[in-house]
Amino acid sequence: MKKIIVILGCAAVLLSACGKKDNQNKTDEQQQVQEQTATDADNAVQNAIDAALQPIDSDVDEEPLPPAKYVEDEITKKIDGDTKNLEAEFAKLSDAQQYYFCAAFAMGAMSAAKPITASVMVNYFMGLGVAKYNVGINDETYMAFNAGKNVFLHENLVNKILENKSCENVISDAMEYAKKQQITVEYLDELGQVEVEKAVKYIQAEE
């Protein structure tokens with residue numbers, strides 16, 4: 001449970017951090033990750049999720065994190081920590097909602113496993129949703145996004161999503177679309193910046 005809380009806390013921190021406007025230069029390591037993202041984005045999500053399931057090193061556990069704030073939404077309440085409810089409610093979501101649910105899930109897993117990679121890819125994930133479904137963050141998609149974050153409150157739900165590969169398939173499909181349409185990582189990053197700002201405003205409104 002401690003690990004799940006760390007993952008969810010990291011996800012919230014990532015979004016808030018990426019929503020801040022600053023002109024600081026990226027470090028060499030961040031630039032390297034961004035270049036890698038352009039060449040092997042297909043493997044980035046699954047590798048990060050796999051790594052997130054491994055035991056967290058002691059030095060990661062010791063890093064201070066602000067207390068995570070959990071906000072229940074309509075979807076989360078209906079799921080109520082039950083795997084059967086999860087599958088039923090996920091199936092009811094629109095394609096765009098499913099994507100943003102899964103984007104939050106993927107970012108949550110990645111944030112604990114590879115924080116630098118996650119911070120670079122937040123904009124990418126959000127922009128990918130706009131490019132694929134022509135829908136950004138709004139009341140409906142943010143509710144699904146928030147539910148995807150809240151999944152980490154229940155380890156059984158995380159395991160079910162990984163077992164079914166439901167989110168892996170949704171994210172992979174979106175990435176494949178971007179490849180076929182020859183949409184650049186830079187363009188997705190630009191699209192994503194706008195959506196991250198929207199998500200941050202929703203998060204701030206909940207505080």
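Keep in mind it's a predicted model, so treat the numbers as computed, not measured.

What counts and what doesn't
- Residues numbered from 1 in each chain as written.
- Predicted model: local features only at pLDDT ≥ 70, side-chain atom pairs only at ≥ 80, totals over all residues.
- Heavy atoms only, no water.
- Helix = DSSP H or I, 4+ residues; strand = E, 2+ residues; numbered from the N terminus.
- Buried < 20%, exposed > 50% of the residue type's maximum accessible area, 1.4 Å probe, protein only.
- Contact = heavy atoms within 4.5 Å.
- Areas by Shrake-Rupley, 256 points an atom, 1.4 Å probe, with all protein chains shown as cover.
- Arc of directions from axis to C-beta.
- Disulfide = S-S within 2.5 Å.
- Expected span 1.5 Å × (residues − 1).
- Salt bridge = Lys/Arg side-chain N within 4 Å of Asp/Glu carboxyl O.
- Phe/Tyr/Trp six-rings, centres within 6.5 Å; stacked < 30°, edge-to-face > 60°.

Enquirer: Can you walk me through the overall build of the protein chain in this structure?
Expert: A tally of regular secondary structure across the protein chain gives 11 helices and zero strands. When the helices and strands of the protein chain are placed in sequence order, the string is α-α-α-α-α-α-α-α-α-α-α. Sorting the 207 residues of the protein chain into buried and exposed places 44% on the buried side. Contacts in the protein chain between residues at least 24 apart in sequence constitute 86% of all its contacts with a sequence separation of at least 6. Taken as a whole, the protein chain presents about 11000 Å² of accessible surface, with 46% of it coming from carbon and sulfur.

Enquirer: When you look at unusual backbone geometry in this model, what are you seeing that I'm missing?
Expert: Despite not being glycine, Asp80 has its phi angle at roughly 50°, a positive value. By secondary structure assignment, the location of Asp80 is in the loop between helix H4 (74-79) and helix H5 (83-92). The exposure class assigned to Asp80 is exposed, which follows from its relative accessible area of 61%. Look at Asn134: it is not a glycine, yet its phi comes out positive at around 55°.

Enquirer: Any chance you could explain helix H9 (residues 155-164) here in plain terms?
Expert: Since the α-helix turns once every 3.6 residues, residues separated by three or four places project in the same direction. Among the residues making up H9, those that are buried are Leu157, Val158, Lys160 and Ile161. Projected down its long axis, H9 carries its buried residues within an arc of 160°, all on one side. The positive-phi residue at the C-terminal boundary of H9 is Lys165, with phi of around 60°.

Enquirer: Explanation requested: the state of the cysteines in the structure shown.
Expert: Note on terminology: disulfide describes a covalent bond linking the sulfur atoms of two cysteines. Counted under the stated rule, the structure contains one disulfide. Between the sulfur atoms of Cys102 and its disulfide partner Cys167 the distance amounts to 2.3 Å. What sets the handedness of the Cys102 and Cys167 disulfide is the S-S torsion sign, and at about -75° it is left-handed. One end of the pair, Cys102, is in helix H6 (residues 95-113); the other, Cys167, is in helix H10 (residues 166-180), with 65 residues separating them in the sequence.

Enquirer: Teacher, can you tell me more about H10 here?
Expert: With 15 residues, H10 extends 21 Å from end C-alpha to end C-alpha; this agrees with the ideal 21 Å at 1.5 Å per step. Along H10, the residues that are buried comprise Cys167, Val170, Ile171, Ala174, Met175 and Ala178. One face of H10 carries all of its buried residues, which in axial projection span an arc of 130°. Phi turns positive one or two residues past the end of H10, at Gln182, with a value near 55°.

Enquirer: In this structure, what is going on with the environment of Cys102? I would like to understand it.
Expert: The class for Cys102 is buried, based on a relative accessible area of 0%. Excluding residues that lie within four positions of it along the chain, Cys102 makes contacts with Phe90, Ser166, Cys167, Val170 and Ile171.

Enquirer: Honestly, the pattern of salt bridges in this entry has me stumped. Any pointers?
Expert: Side-chain pairs of opposite charge can arise whenever the charged atoms involved come near each other. Per the counting criterion, the structure on display carries five salt bridges. When the shortest N-O distance is used, the salt bridge between Glu74 and Lys78 registers 3.1 Å. With Glu74 and Lys78 both in helix H4 and four residues apart, the pair spans about one turn of that helix.

Enquirer: Looking at this structure, I do not really get the packing of aromatic side chains. What am I missing?
Expert: Each aromatic ring pair is specified by the distance between its two centres and by the angle formed by the two planes. Taken as a whole, this structure holds seven aromatic pairs when the rule is applied. With centroids separated by 5.4 Å and ring planes inclined at 65°, the aromatic side chains of Phe90 and Phe101 adopt a geometry described as edge-to-face. On the criterion of sequence distance, the pair formed by Phe90 in helix H5 and Phe101 in helix H6 is long-range, its members being 11 residues apart. The class of Phe90 is buried, set by a relative accessible area of 13%.

Honestly, that's just the spatial picture; any functional story needs more than this.
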